[in-house]
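# Structure assessment
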Amino acid sequence: MGAAARAFEHRVARLGGGAFLFFSAIFFLLPLYVMIVTSLKPMDEIRGGHLLSLPLAPGLAAWREAWSEACTGVACEGIGGGFLNSVRIAVPSTLIAVALGALNGYALSFWRSRWTGWVFGVLLAGAFIPLQVMIYPLVRLTANLGLFGTLPGIVLVHVIFSMPVMTLLFRNYYRSLPRELFLAARIDGGGFLGIFLHLALPMSLPMIAVASILQVTGVWNDYLLGLVFAGRENLPMTVQLNNVINTTTGVRLYNVHMAATLLTSLVPLAVYFLSGRWFVRGIATGAVKG
Amino acid sequence: MSVAGLRLRGLTVRHGASEVLHGVDLEVEEGEFLVLLGPSGCGKSTLLHAIAGLVEVAAGSVEIGGEAMTGADPADRNIGMVFQSYALYPTMTVERNLSFGLRVRGMARAEVAQRVSRVARMLQLEDLLRRRPAELSGGQRQRVAIGRALARDARVFLLDEPLSNLDAQLRAELRRELKLLHARLGATMVYVTHDQAEAMTLATRIVILDRGRIQQVGEPGEVYARPANRFVAGFLGSPGMSLVAGRLEGADGMPVFAGERIRVPLAGYSFASAMPAAGAELELGLRPEHVTLDAQAPTRARVVLVEPLGSHQVVWVESGADRLCAVAEAGARWRPGEETGLRIDAGAVSLFARGDGRRL
């Protein structure tokens, strides 16, 4: 086969690859496009026009309505309140879970005792038990603690369910660090907390970023636990979104529903975009040997 | 008698069921540069970690500066350790690396600053205090690692193969820097390595370890010239001693080593203990520099391999069933297959028992 023929074949292959990527992108972006376009149209235009056509006079009326007027069951106050609830649930659930996960991972990787293997095995098993199995026992537990249907209650439940994964993440990360660092800190006189706060935690910035992304998006996207444990006053955005969409009185306000859905998914999207940069920076500064 | 910098008695360490160190006894004088030398897996790093308190000791005792420290926490032993990777804290500046051990002990801020500046001056780190470890050269990192121990006024410095992941040129340079530093500080240092050039050049005394036991302790020249057993003879020197099997002949007045072809008069040899009886099975140890090739010599040999090294060349020869190596001048033209003779410096040989390999 000649060089020219080979070059031609390469070009065809590259073209084919490009085409595949292009169509995959369209396939995944099309629903998002429909949602954005629909949320910017008034109802008349939605009924009359085509699903894919651009809005004639784009407006944010549906977004406003979704935020502050849409009916979630009986009350018609929009999902803005749910947004605040979700923030109030996600922030402490993330801070506490990441802090505890880091502490657990640190203890399991550097302060090994003969129980370490057991503790780790139990945690690992915990990561694979389906969440639904534990809901009823947890309802009893939080009820006995007087936390059922309260903000601390739902935060506690989120923290409990995140422990296996958070611990695993940090344990594996600390395992990958040179053990000599830890030994040097021991000889320098560092204790359990001293080494954790001064050495381990500052070194785990990339892992803190990863764990925070996972936990924020996980808690934000949660529906089941919020529905069961949060209580009437603290229902997260996802539960309210479901209520908005399933309210059956009157016409289906597609534009409001699309806007509410987009509003609900804004936070996870923002987290991904903002933390990606931190992620890379954290890894780049983690070098031990030059 | 001066206070020993470090004293080990019957130190035994087990990893699970297997014993890694079998009752090590060792004393290190104040200000000494002691090198633990041995092949990989001989237990030298384990020994260092046992001194530091980083591994559990199954039996025996550790004394540092005259105080019993066998079960003490690493933090309370007043030791400094320099690791193979230097283990500088990557997120901290040089200044905070130096002060970490003081800060976690809750020392007053003024005293911390004063100690850090003293150490920085001593090690010429003053211009580097704001840098992070990733921005330092190998030599600078080594000085920071030593500075961490200095800042805490450590009584004993433990160094775990600190030069082994550097390239050859930098290694030789840092070796010299380390020797000068030790001369200047006069600190007690215990240094682990598998590199005999480092051991020979740095040590005031060398400890040779093999399979969890001390084989020999002595000054570098002594260990090199009078190895305590066959293992030390083969391990030290590059290449190591050539060993020739034979027996002792002509008892009393004129003992002679008699091998297959090689005969060496032993009249000048000082036996480590009583001279064995005639007919005893021996092994003769020969350093390459004590074997010379001379076409006129009566002990016949054939050249097998020539290794030119610039300043000299190492020539491997076969004499009957014995294979040994000799040192020849750089200019000499030896070719494989060539017939020649051997001349042996009878005053510099070593004798080992053929059974247990101990020096006779």
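All values derive from a computational prediction rather than experimental measurement.

Basis of the calculations
Residues numbered from 1 in each chain as written. Chains lettered and ligands numbered in written order. Predicted model: local features only at pLDDT ≥ 70, side-chain atom pairs only at ≥ 80, totals over all residues. Helix = DSSP H or I, 4+ residues; strand = E, 2+ residues; numbered from the N terminus. Rg over C-alpha atoms; globule rule 2.2 N^0.38 Å. Buried ≥ 20, exposed ≤ 12 C-beta atoms within 10 Å, placed from the backbone. Contact = placed C-beta atoms within 7 Å. Domains from an automatic or database assignment. Pairing = 2+ DSSP bridges. Axes fitted to C-alpha atoms, helices over the stretch in contact; angles between N-to-C directions. Nonpolar A, V, L, I, M, F, W, Y, C, P; charged D, E, K, R; others polar. Left-handed = near helix turned anticlockwise from the far one by under 90°.

### Structural notes on the overall build of chain A
On a plain count of helices and strands, chain A comes out with 13 helices and 0 strands. Going from N to C terminus, chain A has its helices and strands arranged as α-α-α-α-α-α-α-α-α-α-α-α-α. Scaling as 2.2 N^0.38, a compact globule of 290 residues should have a C-alpha radius of gyration of about 19 Å, whereas chain A reaches 25 Å, well beyond that. Counting only C-alpha atoms, chain A reaches 80 × 75 × 30 Å along its principal axes. Across the 290 residues of chain A, 33% fall into the buried class. For chain A, the proportion of contacts with a sequence separation of at least 24, taken over those separated by at least 6, is 75%.

### What about the domain arrangement of chain A?
Residues and elements named next belong to chain A. Domain annotation for chain A reports domain 1 (3-59) and domain 2 (80-289). Between domain 1 and domain 2, the C-alpha centre-to-centre distance is 34 Å. Of all the secondary structure elements, the ones that give two or more residues to the side of domain 1 that touches domain 2 are helix 1 (3-39) and helix 2 (43-48).

### Details of the sheet that holds strand 15 (residues 291-293) of chain B
In a beta sheet, neighbouring strands pair by backbone hydrogen bonds and run either parallel or antiparallel. All names here are of chain B. Pairing is antiparallel across the open sheet formed by 5 strands, whose spatial order is 15-19-16-17-18. The two strands at the open ends of the sheet, each matched to only one other strand, are strand 15 and strand 18 (322-329). Ignoring strand direction, the axes of neighbouring strands in this sheet form an average angle of 45°. Relative to strand 19 (residues 339-344), strand 15 runs antiparallel, the two being bridged by 3 bridges. Among the inter-strand pairings, valine 291 is bridged to a residue of strand 19, identified as isoleucine 344.

### Remarks on the interface of chain A and chain B
Contacts between chain A and chain B engage 20 residues on the former and 18 residues on the latter. Counting residues per element, the side of chain A that touches chain B draws most heavily on helix 8 (residues 179-187) of chain A, at 6 residues. Residue classes in the side of chain A that touches chain B are distributed as 10 nonpolar, 6 polar and 4 charged.

### Some details on the packing of helix 4 (residues 80-110) of chain A against helix 7 (residues 151-176) of chain A
All names here are of chain A. Remark: helix 4 packs on helix 7, axes separated minimally by 6 Å, with the N-to-C direction vectors making an angle of 35°. Judged by the twist between their axes, the crossing of helix 4 over helix 7 is right-handed. Considering only residue class, the contact of helix 4 with helix 7 consists of 20 nonpolar, 8 polar and 3 charged.

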